[in-house]
Amino acid sequence: MGFVLLAVPVVAVVLFLLIRSKKLQYAISVSASTIIMIAAALLTRDVMLFGVVEYSALGGVFYIDSLSILVLDIVVIIGLMTSIYSVGYLEEELKHGKLDPGRIRIYYVLMYSFIFTMMLALTVKNMGIMWIAIEATTLASTFLVGFYNGKDSIEAAWKYIIICSVGIAIALLGITFLQLSSIDVLKGSQFLDWTALYNHAAALNSSTLRFAFIFIVIGFGTKAGLAPMHTWLPDAHSQAPSPISALLSGVLLNCAMYGIIRTIAIVNRSLGSSVFTGRIMITFGILSILTAAIFILTQKDYKRLLAYSSIEHMGIIAVAIGIFTPLSVFGALLHMINHSFTKSMLFLSSGNILQKYDTKEISKIKGMLKILPVTGTVFLLGLFAIAGTPPFGVFSSEFVIITAIFQKNIFWIGILIAVVLAVIFAGIAHTMFKMFYGTNTSAEITAGEINIPGVIAIVVLFVLITVTGLFIPNPLKELIEKAGNIIIGGQV
Amino acid sequence: MSDYLDVLSVLILLSSFILMANKRTKSHIRTFRIQAAMIALAAGIMGIDSLYKEGQFDLLVVCAVIIAIKVIYIPHLLKKVDANVEYKVEKDFFLNIPILIIGCCFIVVFTYFSISTSEGINAGTLNMRVVNSVSLILIGLFFMISRKKAIGQIVGFLVIENGIFVTAMFATQGMPFIVDMGMFIDLLSAVMILGIMVFKINEKFKSVDINKLKNLRG
Amino acid sequence: MINVVYAVIQIVVLVLAAPLVNGIIKKVKALTQKRKGAPLFQMYYDLFKMCKKTVVVSDVSSWILKVTPYIVFSTAVAAGLLVPVTTLIQPGWFTGDIIIVVAIFALGRFFMMLAALDTASTFGGMGSSREAMISSLIEPSILVTLFTIGLTAKSTALFPIMNFMKSTGTPLIHPVYIIAFITFFIIIITETSRIPVDDPSTHLELTMVHEAMLLEYSGRNLALMELGAAIKQLVFITLLVNIFIPLDQLIGVAGIAAVAISLGIYLIKVVCVSIIIAVIEVSTVKLRLFSIPNLAALSFILSFLGFLQYFVFGR
């Protein structure tokens, strides 16, 4: 089953290279993501039954446990929604003459390579191969960020590849130190094997492990958008085409955070207490939340605002991982799920808005509820959701996290986060709500929804986040708890 | 043999200083080539040694791959990019060269003091080789942020990767083979993509001065 | 008594071999440019020619101009007595060490700079100021390099250093010495005014540094200055060669034959290094004057790096 999962994108890429007909390409894209989704669903069932799924190919490199399958499911669901959305989006772009038909092929080839590399990062247990896959995601997505070939896109793509490559190189240094710390403990074939490192964690050299952790957090944190390494994120996420922004924001940040979480599991097990990693993660998390808050208040471009909101939510996840109690880890994983769905929904809707109004500036958009009724409503409610309003999913996960912070008696962090979240809500409300009311004075913009498949995808995501906000189904709850157990492993 | 490796690690560090002191892009590429050749030599020496002791080919294959990619192909790519790009930026760096070189010296001293105060990496000569390699990484980073031309940033990134590879080699006798190969393929694709990006920057902005990429702020 | 003989032999070898180095460098440069070039012993003929001419001195100059050629020549010869030509000949100056060698050369250079200013010609002043800048920039590098070597040999006297290096087998395969070797090469190029620091064969006064200071000399004075510069160059090459490649004896030969053979090996080493210097001269261009601080900074930091490696390696 795992092979189907990983082989389908590769086959899809090959097919895209060969086939030139546009309609056939749309069909391949949607069917490929559907097959991936079915494979992932079957894998999830396997993991829930057996706990761990391992394959012995290539020396036992593939390994899927509850944590991997959780993040993988997010990837797959958002991938399916994005590919449904892309069909309508690309049609609109062709209609407006912003793209040549040949570019669609490049778009799909790169997108499926991107999805393949992300899935590869989540299904291996060798940290080295995980690193290679995460580096490959940067390479696969650079041209997607610079897809429109304008001055701003190229600047964003250059910043993206340079900053992320340097960050990933620093992460490689961390992985080298990780291997160095295990040099007397493990044999050659077991180097950088996550399960081996986890089982022998107590015997690893602790000072080298600290160095390794710092470098890995800085390195993967660059990819995850933690401040102060976040400078590429607003540019890249706002300049990319909207479905790609949804993938970048909703999925890629999670993959990078997954790498950090795997390392934290080893380090905390080895050091015996979570104080060292906790301090570092909380510092980065709070820095990210504060940075996001400051920049959200002064934004003029709605896609950049959404990007800064991603930074903020990644900061919240980092703080939750830093606290490292069972409840906070549960909250962090739940937050990953909710944030991904909400953010991708918002980015996909913003794609519709961009295509309708042809501008990225907030001040130029008026009367969205009349012109794009469904998208507008979903966008408005999505903004409420991302700012942490009940009854949506983000509220419940943030609530869990703040409860965990107060449970651990670190009051000042909890109060700080609550205050900053309120500030962010005010900022978003003040900036964005102008877009919804008023009348649109420009004559070229006709009322009516475009991109019908996209609207369907957006509404499906919206339903999902409402459902997870109201109640969490039991299988999901068990899966998250199991994943949390893998991370904490009995340590508190 | 460990004498030769010590000398090579010092020479690699020395080549990074020479890289810092150069003013022209062609010299950067040439110095990078010499550095990659010395790293390949070190990998080759360690590979022959491991062949005698344990009968493993890994490091020798890695040495051959380094020669093919970093000594031959990547400088060739960079030279092609360099030749097709107009030159309007004369002064390539923000501070003058003696200050940059003194900065590199501070980096080496700083690396020495931070690594020597942590147990676990201390083991006599292993210590100095690791200090040399880690300072190579930091000097590469410093090089990257002190240059204005896009190609300078690419060379800085390549020096960082060189440094990480040398650290892995000296500290842990090399990473697992698949990881090394994956690293090289990644590096190659990264350089190709960066080269294409430099072309696009040159087309749109009519220069490769990174300072001109200032539109997206805030 | 034997010390005096040794001293005389050393002085004779140095003074006679010095113009040969210049001749070899010029010949190699000419051959790489596909010319035949001047004969190898051209500088000897030139020195003879200059000695036969009359000395013309500007009448606004003072005693410094008359005294300087003798000072320059004698400091060069005095430094030549301190450096080890072979380990078998010790002219008795066992207290001579690195600091005295550097200081003696500094004395000669000081008088040369003053004398160039003495004639009140603009080119002389220009040469003096440039020489002052370049030599003050390269001085720290010389001292740090030589001190690092002294630290490893546990003495700053040059004969013990050469003996110590002989006892370490292959001295170049060592992290500290390889850096000191490279730095010393840069120092030789700077101190002896070779390309890329200064072009010794230029005739354009605005590009001169060392030559500009020699413009006002004639006859015997000019011969002494040129010979002094050549001996200084040979002394630096001797330092390089005998500290870093100290093998100078064949096994199983003793007595006068051993001394002769070791002098011969020394001369072969000097010839090889001069060929390398000539190749460097041919393949690079002269640096702009204000790019010379870059080279000096690089040289100083490299020598400091060598010191740091010694400090950590500890051997």
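Keep in mind that what you see is a predicted model, and the values were worked out from it rather than measured.

1. Regarding the overall build of chain C
1) Next: A count of helical and extended segments in chain C gives eleven helices and zero strands.
2) Next: Shown N-terminal to C-terminal, the secondary structure of chain C runs as helices and strands in the order α-α-α-α-α-α-α-α-α-α-α.
3) Next: Computed over its C-alpha atoms, the radius of gyration of chain C comes to 19 Å, within 12% of the 20 Å expected for a compact globule of 315 residues.
4) Next: Its C-alpha atoms give chain C principal-axis dimensions of about 55 × 45 × 45 Å.
5) Next: By residue count, 44% of the 315 residues in chain C fall in the buried class.

2. Section: the interface of chain C and chain B
1) Next: Taken residue by residue, the interface counts 18 residues in chain C and 20 residues in chain B.
2) Next: Residue assignment for the side of chain C that touches chain B shows that the elements contributing at least two residues are helix H7 (175–191) and helix H11 (292–313) of chain C.
3) Next: Broken down by element, the residue count for the side of chain C that touches chain B peaks at twelve residues, all from H11(C).

3. With respect to the arrangement of the chains
1) Next: A comparison of contact numbers over the two pairs of chains in contact places chains A and B at the top.
2) Next: Separated without contact, chain A and chain C have their nearest C-alpha atoms at a distance of 20 Å.

4. Remarks on the interface of chain A and chain B
1) Next: Listed by partner, the interface residues are 34 residues for chain A and 34 residues for chain B.
2) Next: Counting residues per element, the ones that place at least two in the side of chain A that touches chain B are helix H5 (127–145), helix H6 (151–181) and helix H8 (206–224) of chain A.
3) Next: Per-element tally for the side of chain A that touches chain B: the top contributor is H6(A), with 17 residues.
4) Next: For the side of chain A that touches chain B, the per-class residue count stands at 20 nonpolar, nine polar and five charged.

5. Focus: helix H17 (residues 411–432) of chain A
1) Next: Here H17(A) contains 22 residues, and its C-alpha end-to-end distance of 31 Å stays within 8% of the 32 Å for a straight helix at 1.5 Å per residue.
2) Next: Those residues of H17(A) hidden inside the fold are in contact with helix H11 (275–296), helix H12 (302–323), helix H15 (373–386) and helix H16 (393–407) of chain A.

6. Side note on the packing of helix H13 (residues 326–357) of chain A against helix H19 (residues 474–488) of chain A
Residues and elements named next belong to chain A.
1) Next: Between H13 and H19, the least distance of the axes is 9 Å, while the angle of their chain directions is 120°. By the angle class used here, H13 and H19 are oblique. Crossing of H13 against H19: the hand is right-handed. The residues of H19 that touch H13, namely those facing Pro326, Val329, Phe330, Leu333 and Leu334, are Ile480, Glu481, Ala483, Gly484, Ile487 and Ile488.
2) Next: Within the contact of H13 with H19, the residues separate by chemical class into nine nonpolar, one polar and one charged.

7. Description of unusual backbone geometry
Across the chain, the bulk of peptide bonds are trans and the bulk of non-glycine residues have phi less than zero.
1) Next: Going from Ala227(A) to Pro228(A), the amide bond is cis rather than trans, its omega being 0°.
2) Next: In this structure, Pro391(A) follows Pro390(A) across a cis peptide bond, with omega equal to 5°.
3) Next: In this structure, Pro391(A) sits in the loop between H15 and H16.
4) Next: A positive phi angle is found at Phe324(A), which is not glycine, with a value near 60°.
5) Next: Relative to the helices and strands, Phe324(A) resides in the loop between H12 and H13.
6) Next: For Phe324(A), a count of 24 C-beta atoms within 10 Å gives the class buried.
7) Next: The phi dihedral of Ser193(C) falls on the positive side, at around 55°, and the residue is not glycine.
8) Next: Turning to its location among the elements, Ser193(C) is positioned in the loop between H7 and helix H8 (210–213).

8. Quick look at the confidence of the model for chain C
1) Next: This prediction gives chain C a mean pLDDT of 87; 96% of its residues lie at or above 70.
2) Next: Two summary scores accompany this predicted model of the complex, namely pTM at 0.88 and ipTM at 0.90.

9. A look at the packing of helix H10 (residues 242–271) of chain A against H13(A)
All names here are of chain A.
1) Next: Contact geometry for H10 and H13: axes closest at 8 Å, N-to-C directions at 165°. One element, H10, and the other, H13, form an angle in the roughly antiparallel class. As H10 runs across H13, the sense of the crossing is right-handed. Listed contacts from H13 to Ser242, Pro243, Ser245, Ala246, Ser249, Gly250, Val251 and Asn254 of H10 are Met336, Ser340, Lys343, Ser344, Phe347, Leu348, Ser350, Gly351 and Leu354.
2) Next: By residue class, the composition of the contact of H10 with H13 is seven nonpolar, nine polar and one charged.

Rules and cut-offs
Residues numbered from 1 in each chain as written. Chains lettered and ligands numbered in written order. Predicted model: local features only at pLDDT ≥ 70, side-chain atom pairs only at ≥ 80, totals over all residues. Helix = DSSP H or I, 4+ residues; strand = E, 2+ residues; numbered from the N terminus. Rg over C-alpha atoms; globule rule 2.2 N^0.38 Å. Buried ≥ 20, exposed ≤ 12 C-beta atoms within 10 Å, placed from the backbone. Contact = placed C-beta atoms within 7 Å. Nonpolar A, V, L, I, M, F, W, Y, C, P; charged D, E, K, R; others polar. Expected span 1.5 Å × (residues − 1). Axes fitted to C-alpha atoms, helices over the stretch in contact; angles between N-to-C directions. Parallel < 35°, antiparallel > 145°, perpendicular 65-115°, else oblique. Left-handed = near helix turned anticlockwise from the far one by under 90°. pLDDT = per-residue confidence, 0-100.

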